[in-house]
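# Geometric and topological summary
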Amino acid sequence: MSSKKRVPIISIVGRQNVGKSTLFNALLKKKLAITEDYPGVTRDVLRARVLNPEKGLDFILADTPGLDIERPESLEEAVLENAFRQVAESDLVVFLLDLHEVTSYDSKLIDKFRKDPELTQIPVLYCVNKVDHPEDEEDLDSFYKMGLSEILPISAIGRRNLPLLLEKIAFLLPTAKRKNQTTEEGETPSVSTEDFSLAIVGKPNAGKSSLLNALCGYDRAVVSEVAGTTRDSVDTTVTFDGKKIRITDTAGIRRKSDKAEALEFYSYQRTKRTIQNSDVVIHLLDALKGFGEFDKKIVGMLQEEGKPFLLAVNKWDAIEEKDNDSFKNYQERLYSRFPLLKEIQIITLSAKEKQRIHKMMEMTIDLAARSKKKISTSELNQSLRAWMAEAGRSFSANKPPKMLYCTQVSVSPFHLILFVNHIDYFKSNLLTFIKKKLTEKYNLKGIPIRLELRSDRK
């Protein structure tokens with residue numbers, strides 16, 4: 001019998017009358033909870049299934065009653081116990097606050113989530129409700145000063161930033177606390193034990209199969225001087241420095257033409273799928289042939305898919321009359337052909353002679369670890385505002401660009417959404433400056449950075 005995964009649970013919590021039921025209904029797009037403008041209406045926990053295939057979301061959303069009953073009577077005490085029991089079962093908590101009023105109850109609840117042994121392991125996304133206008137997004141400093149790391153400004157009634165809330169849920173859920181998942185027969189389902197997957201891509205005859213064989217220690221793939229010998233993707237698993245890595249040697253990417261065999265087209269498609277299904281990619285170059293148009297297309301594909309990658313220059317042993325400046329000069333030629341490569345790590349090696357293979361794998365493991373980097377919303381906003389102030393008017397036209405709020409919604413690529421005063425005010429040179437600062441501060445070399453601008457003013 002096939003394994004049946006447990007559907008994650010997300011609970012909306014907060015004190016009374018902050019808009020929990022309104023948010024519950026807004027996310028479900030139908031009215032299930034009773035919403036009235038006085039506290040204590042929701043007396044029990046409501047649960048409903050949320051399916052959003054577009055964002056890859058499937059979870060149970062729970063609406064809890066207000067958790068700030070000061071002197072609970074017997075009935076209310078039972079309601080509170082049920083609510084906290086629901087919260088303890090959650091994989092993620094959406095903690096709702098009111099932009100216009102922060103009370104002592106809010107602080108008590110926040111403190112409980114920070115100190116209660118049963119709750120501290122559950123990720124909390126703090127949502128500031130009733131942020132009805134773009135300019136309200138600038139009034140979040142008081143919440144940052146409370147030490148809240150993940151803050152999202154929303155308006156449940158106005159449906160402002162609710163799509164962003166779903167994106168943040170999709171971002172935070174994969175690393176959320178997971179309860180024991182069981183099959184229908186009560187057995188724990190099998191899971192992949194690999195730490196990450198690695199794809200080796202490049203033009204035909206760059207040495208991909210030789211590199212795979214060097215990593216495996218035996219002939220896993222066919223090696224030939226004829227370009228395109230590897231017609232399909234070849235998988236194997238290796239252990240390196242305690243990390244279990246699935247490595248795929250892809251079929252060589254070659255130019256598509258009217259005369260090309262159908263086999264070559266399918267090899268190209270398989271390579272694209274392999275890139276999509278991999279966590280990290282090694283783009284292999286032939287040192288004797290340099291960086292050509294096909295290589296540009298491969299980098300474009302990697303950027304489009306948002307995959308972390310490094311550039312490995314194979315057959316370095318075949319370069320004659322090398323000196324201390326050879327690698328530096330080679331790099332400069334690469335940069336002149338494709339300036340984007342300045343943001344990519346580059347290593348020379350020889351798959352045939354097994355030179356610097358160990359170093360390349362160390363770099364790959366480091367890249368895989370860095371590609372999982374998550375930066376808190378509070379830190380991102382602090383950094384971005386400082387960089388915007390540093391940029392001043394240097395990168396602006398007649399109208400000054402202004403960032404209202406930013407948040408991270410994926411790790412690979414490192415994708416930030418920036419809410420700004422006007423998209424047109426953010427010129428390409430300013431975005432390049434921000435990407436450079438992000439790369440330097442958060443060690444993102446080799447990891448594609450995606451900046452998405454949003455504004456109520458089109």
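Residues numbered from 1 in each chain as written. Predicted model: local features only at pLDDT ≥ 70, side-chain atom pairs only at ≥ 80, totals over all residues. Heavy atoms only, no water.

Looking up the protein chain in an unreviewed UniProt entry gives the name GTPase Der, with the organism given as Leptospira selangorensis. In the Subunit (unreviewed entry) part of its UniProt record, the protein chain is described as follows: "Associates with the 50S ribosomal subunit." Taken directly from UniProt, the Function (unreviewed entry) text for the protein chain runs: "GTPase that plays an essential role in the late steps of ribosome biogenesis." (UniProt positions renumbered as here; feature names shortened; annotations may be inferred.)

According to the stated counting rule, one finds 1 cavity of 30 Å³ or more in the structure shown. Approximately 40 Å³ is the volume attributed to the largest cavity. Forming the boundary of the largest cavity are Pro-134, Glu-137, Arg-160, Leu-404, Phe-419, Val-420, Arg-454, Ser-455 and Asp-456. Taken together, domain 1 (9-172) and domain 3 (377-454) each give at least three residues to the lining of the largest cavity, which thus spans both. (1 Å grid on protein atoms, 1.4 Å probe; cavity = no way out; pocket = protein on both sides within 12 Å on 5 of 7 lines; lining within 4 Å. Points joined across faces, edges and corners; volume = space filled by probe spheres on them. Domains from an automatic or database assignment.)

Here we take up the side chain of Arg-15. Inspection of the secondary structure puts Arg-15 in the loop between β1 (9-13) and α1 (20-28). There is a polar contact of 3.4 Å between the side chain of Arg-15 and the side chain of Thr-103. (Helix = DSSP H or I, 4+ residues; strand = E, 2+ residues; numbered from the N terminus. Polar contact = N/O pair within 3.5 Å; in protein donor to acceptor, adjacent residues only side chain to side chain.)

This paragraph deals with the sheet that holds strand β6 (residues 151-153). As summarised here, the arrangement of the 6 strands in space is β2-β3-β1-β4-β5-β6, forming an open sheet in which the pairing is mixed. Among the strands making up the open sheet, the edge pair consists of β2 (46-52) and β6. Strand-to-strand twist of the sheet, defined as the mean angle between neighbouring strand axes without regard to direction, takes the value 25°. Where β1 and strand β3 (residues 57-63) come together, 4 bridges link them in parallel fashion. Its bridge partner lying in β3, Ile-12 is registered against Asp-63. Lying over the sheet, helix α3 (residues 104-115) contacts β1, β4 (92-98) and β5 (124-129), oriented at roughly 160° with respect to β4. Packed on one face of the sheet, helix α5 (residues 162-172) meets β1, β2, β3, β4, β5 and β6 and runs near 110° to β3. (Pairing = 2+ DSSP bridges. Axes fitted to C-alpha atoms, helices over the stretch in contact; angles between N-to-C directions. Contact = heavy atoms within 4.5 Å.)

Before going further, it helps to spend a moment on the nonpolar core. Generally speaking, soluble globular proteins have nonpolar side chains that are buried together. The biggest cluster of nonpolar side chains holds 53 residues, and the ones touching the most others in it are Leu-23, Leu-61, Phe-95, Phe-113, Leu-165 and Ile-169. Element by element, the count of residues in this core is highest for α5, at 7 residues. Excluding anything up to four places from it in sequence, Phe-113 contacts Val-13, Val-87, Val-93, Phe-95, Leu-119, Thr-120, Val-124 and Tyr-126. If you look at the next biggest cluster of nonpolar residues, it comprises 51 residues, including Leu-212, Leu-284, Ile-375 and Cys-406. (Core = buried A, V, L, I, M, F, W, Y, C linked by side-chain atoms within 4.5 Å. Buried < 20%, exposed > 50% of the residue type's maximum accessible area, 1.4 Å probe, protein only.)

Before going further, it helps to examine the packing of aromatic side chains. This model, assessed by the stated rule, comprises 6 aromatic pairs. Here the aromatic rings of Phe-95 and Tyr-126 are separated by 5.1 Å at their centres, their planes lie at 35°, and the arrangement is tilted. You can see Phe-95 sitting in strand β4 and its partner Tyr-126 sitting in strand β5, a full 31 residues away along the chain. According to the relative accessible area criterion, Phe-95 is buried, its value standing at 0%. Here Tyr-126 falls in the buried class, since its relative accessible area comes to 6%. Pairing Trp-316 with Phe-327 gives two aromatic rings, centres 6.3 Å apart and planes at 90°, and the pair type is edge-to-face. Separated by 11 residues along the polypeptide, Trp-316 in the loop between β11 (309-314) and α9 (326-337) and Phe-327 in helix α9 bring together distant segments of the chain. (Phe/Tyr/Trp six-rings, centres within 6.5 Å; stacked < 30°, edge-to-face > 60°.)

Two residues of an α-helix separated by three or four positions point the same way, owing to the 3.6 residues in each turn. The end-to-end C-alpha separation of α3 is 16 Å, in line with the 16 Å expected for 12 residues at 1.5 Å each. Between the side-chain oxygen at the start of α3 and the backbone nitrogen of Tyr-105 there is a gap of 3.2 Å, and the oxygen is on Thr-103. (Expected span 1.5 Å × (residues − 1).)

Strand β7 (residues 196-202) sits mainly inside the fold: 7 of its 7 residues count as buried. Along β7, one buried face is formed by Phe-196, Leu-198, Ile-200 and Gly-202 and the opposite face, lined by Ser-197, Ala-199 and Val-201, is buried too. Where β7 lies against strand β10 (residues 280-286), 5 bridges are found, and the strand directions are parallel. Across the sheet, residue Ala-199 finds its bridge partner in β10, namely Val-281.

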